[in-house]
Amino acid sequence: MVARKITHLSFFIIALAFLFISPYFFNDYKIGILSNIAIFIILAVSYNLINGVTGQFSLEPNGFVAIGAYVAALVLLTSESKIDQFSLEDPSSFILMIHSPSFIVALLAAGLCAMLLSLILAFAVFRVRGDYLAIVTLGFGIIIKLMAINFASVTNGSLGLNDIPKHTTLYWSGGIAIFSVVIILNIVSSKFGRAMKAVRDDEDAALAMGINTFNIKTLAFSTSAFLEGVGGGLLACALASVSPEQFDFLFTFQLLIIIVLGGLGSTTGAIIGAILVIGGSEYLRFLDESMNIFGYETPAMPGLRMVVFSIVLILVMLFARRGIMGDKELTDVLFKFSKRKKK
């Protein structure tokens, strides 16, 4: 246990060191990609807590991320900016009252609003299991998107919100990503984490052993929602705009690909999956452009990178059917390797 904690501390120090030296080695474009990867690491590890660790097939992340993005945007935008932007309907008096220049306040508000809604939803969501749970949470995500479109006095409807202060930097997104990973790892290794895994493996058996499965699932759901709300706030302040189209089911599907690719139940896998999916899609961007291959100039083929990326994903899943890490963490693999080496 002590060796495992020392290993976690070592990775924590390495991550912090990388975060602080990155601006000296990468240009603004690459820093932007790293910041985007960090945001998706926050979303992936939080989504993995409810879907992978607790085993609840939830399809709700786009809804909570959307709530976080809109709340953070509405908190940071001044009343004058809201009046200028809201063209479909006049902003409500409550929306005009909300304002704080503090980025921390905006992120906390985004996370708390998402968590509060998750606590309310838990009473309805966890009355069902399995595929039915997936359908209920999928419906929630769709409802949030439709509300963003139709409640124009709150969200400016389909036009969305623009000119959001760009407070998100690599330090913010990377620092919160590290904090999120530490929180998730501590939860997973605690008695609550063991109870979550018991619910995942056999909910009826866990219930028979005296575990309050509803409380455990609600804890995972609300923690996941809080971090997803914060991630949504970071995303809104990175893009400087937010609109309903950004948060359709494809957003959830992207996160699902990340955690399945990395390995359901593995926080390390969620991190690796976010790096590969978000970083890989950017790295392969050159495939969309015209290329010179052995003197032959190929025409630009927009979308080719996604074809190649999809083929790579298929190959990975064919040879690693439980994902890259399975349900193991990097420390588990390292200790297992060290034991084999000693033998």
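Look above for the structure.
Residues numbered from 1 in each chain as written. Predicted model: local features only at pLDDT ≥ 70, side-chain atom pairs only at ≥ 80, totals over all residues. Heavy atoms only, no water.

## Details of the overall build of the protein
Test applied: Segments assigned H or I by DSSP are reported as helices when at least four residues long, segments assigned E as strands when at least two residues long, and all are numbered from the N terminus. Radius of gyration: over C-alpha atoms. The globule rule applied is 2.2 Å multiplied by the number of residues raised to the 0.38 power. For each residue, the accessible area found with a 1.4 Å probe, counting protein chains only, is set against the maximum for its type, and the residue is called buried under 20%, exposed over 50%, and partly exposed in between.
On a plain count of helices and strands, the protein comes out with 16 helices and two strands. Its C-alpha atoms give the protein a radius of gyration of 21 Å, within 12% of the compact-globule value 20 Å for 343 residues. Expressed along its principal axes, the backbone C-alpha trace of the protein runs to roughly 70 × 70 × 35 Å. Counting across all 343 residues of the protein, residues that qualify as buried make up 46%.

## Let's talk about the side chain of Gln-56
Keep this limit in mind: Contact definition: two residues touch when any of their heavy atoms are within 4.5 Å.
Position of Gln-56 among the secondary structure elements: in the loop between helix H2 (28–53) and helix H3 (61–76). Apart from the residues lying within four places of it in its own chain, the contact partners of Gln-56 are Ile-50, Asn-51, Phe-126, Leu-133, Val-199, Glu-203 and Lys-217.

## Comments concerning the layout of surface pockets
Selection rule: Using protein atoms alone on a 1 Å grid, points that fit a 1.4 Å probe yet trap it form a cavity, whereas open point sets bounded by protein on both sides within 12 Å along at least five of seven lines form a pocket; residues with an atom within 4 Å of a point count as lining. Grid points are joined across faces, edges and corners, and a volume is the space filled by probe spheres set on the points. Note that Gly is not counted as nonpolar here; it falls among the polar residues with everything else outside the nonpolar set of Ala, Val, Leu, Ile, Met, Phe, Trp, Tyr, Cys and Pro and the charged set of Asp, Glu, Lys and Arg.
In this structure, the second largest pocket encloses a volume near 630 Å³. Lining the second largest pocket we find 22 residues, and of these Ile-67, Val-71, Ile-144, Met-147 and Val-154 sit closest to its centre. Elements supplying a minimum of two residues to the lining of the second largest pocket: H3, helix H5 (93–97), helix H6 (103–125), helix H7 (130–150) and helix H8 (152–155). Residue classes in the lining of the second largest pocket are distributed as 21 nonpolar, one polar and no charged.

## Quick look at the environment of Ala-38
Structurally, Ala-38 is set in helix H2. Not counting the four nearest positions on each side in its chain, Ala-38 is found in contact with Ser-173, Gly-174 and Ala-177.

## So, unusual backbone geometry
One non-glycine residue, Asn-156, lies in positive phi territory at about 65°. Take Asn-156: it is sitting in the loop between H8 and helix H9 (170–189). Notably, Ala-240 is not glycine yet its phi reads approximately 65°, a positive angle. Its place among the elements puts Ala-240 in the loop between helix H12 (213–239) and helix H13 (249–262). Residue Ala-240 is classed as buried on the basis of its relative accessible area of 15%.

## Structural notes on a nonpolar patch on the surface
Let me state the cut-off plainly: For patches, a residue must show more than 30% relative accessible area and have no salt bridge; joins then use 9 Å for like charges and 5 Å for nonpolar side chains, namely Val, Leu, Ile, Met, Phe, Trp and Tyr. Using a 1.4 Å probe, accessible areas were evaluated by the Shrake-Rupley method; residue-level cover was limited to the displayed protein chains. The salt bridge definition used is simple: a Lys or Arg side-chain nitrogen within 4 Å of an Asp or Glu carboxyl oxygen.
Together, Val-307, Ile-311, Ile-314, Leu-315, Leu-318 and Phe-319 make up an exposed nonpolar region whose accessible area comes to about 640 Å². Summarising the element assignment, Phe-319 is placed in helix H15 (residues 304–319).

## Some words on the packing of aromatic side chains
How we decide: Stacked, tilted and edge-to-face pairs are distinguished by plane angle, under 30 degrees for stacked and over 60 for edge-to-face with tilted covering the rest, among Phe, Tyr and Trp rings (Trp via its six-membered ring) whose centres lie within 6.5 Å.
Applying the stated criterion across every chain yields a total of 10 aromatic pairs. With a centroid separation of 5.5 Å and 70° between ring planes, the pair formed by Phe-64 and Phe-221 is classed as edge-to-face. In this pair, Phe-64 sits in helix H3 while Phe-221 sits in helix H12, placing the two residues 157 residues apart along the sequence. Neither Phe-64 nor Phe-221 differs from the other in exposure class; each is buried. Consider the rings of Phe-249 and Phe-253, whose centres lie 6.2 Å apart with planes at 35°: the pair is tilted. Here Phe-249 pairs with Phe-253, and both are found in helix H13, just four residues apart, close to one helical turn. Counting every residue linked through ring pairs, the aromatic cluster contains Phe-64, Phe-126, Phe-140 and Phe-221.

## Here we look at the pattern of salt bridges
Evaluation of the coordinates by the stated rule reveals four salt bridges. A salt bridge links Asp-201 to Arg-200; the nearest nitrogen and oxygen atoms lie 3.3 Å apart. Using a relative accessible area of 26% as the deciding quantity, one classes Arg-200 as partly exposed.

## Side note on H6
Counted only if it meets this: Multiplying 1.5 Å by the residue count of a helix minus one yields the expected span of that helix. The reported bend at a residue is simply the angle between two axes, fitted to the 7 residues ending at it and to the 7 residues beginning with it. Pairs of N or O atoms are called polar contacts if they sit within 3.5 Å, as long as, within protein, a hydrogen donor faces a hydrogen acceptor (for residues adjacent in sequence, only side-chain-to-side-chain pairs).
If you check H6, its first and last C-alpha atoms are 31 Å apart, about what 23 residues at 1.5 Å a residue would give, namely 33 Å. Helix geometry: H6 is bent most strongly at Leu-119, by close to 25°. Listing the buried residues of H6 in full gives Phe-103, Ala-106, Leu-107, Ala-110, Gly-111, Ala-114, Ser-118, Leu-121, Ala-122 and Val-125. Packing partners of the buried residues in H6 comprise H3, H7, H9 and H12. Of the residues that open H6, the one with a side-chain oxygen 3.5 Å from the backbone nitrogen of Ile-104 is Ser-102.

## Describing the nonpolar core
Let me state the cut-off plainly: Take the buried residues of types Ala, Val, Leu, Ile, Met, Phe, Trp, Tyr and Cys, join any two whose side-chain atoms come within 4.5 Å, and each joined set is a nonpolar core.
Ranked by internal contacts, the top residues of the largest apolar core, which has 83 residues, are Phe-40, Leu-49, Phe-64, Leu-161, Leu-234, Val-242 and Ile-258. If one sorts the elements of this core by residue count, H2 sits on top with 14 residues. When residues no more than four places from it in sequence are discounted, the contact partners of Ile-258 are Phe-40, Ala-44, Gly-269, Ala-270, Gly-273, Ala-274, Val-277 and Ile-278.

## Description of the packing of H9 against H12
Helix-helix packing is characterised by the crossing angle of the two axes and by the distance between the axes. Inclusion rule: Comment: axis = line fitted to C-alpha atoms, over the contacting stretch for helices; angle = value between 0 and 180 degrees taken between N-to-C directions. By definition in this entry, angles of less than 35 degrees are roughly parallel, angles greater than 145 are roughly antiparallel, angles of 65 to 115 are roughly perpendicular, and the rest are oblique.
Interaxial distance between H9 and H12 falls to 11 Å at its minimum, and their mutual angle equals 175°. Judged by the angle between their axes, H9 and H12 are roughly antiparallel. On H12, the residues that touch Trp-172, Ser-173, Ile-176, Ser-180, Ile-184 and Ile-187 of H9 are Thr-223, Leu-227, Val-230 and Leu-234. Among the residues making up the contact of H9 with H12, the classes are represented as seven nonpolar, three polar and no charged.

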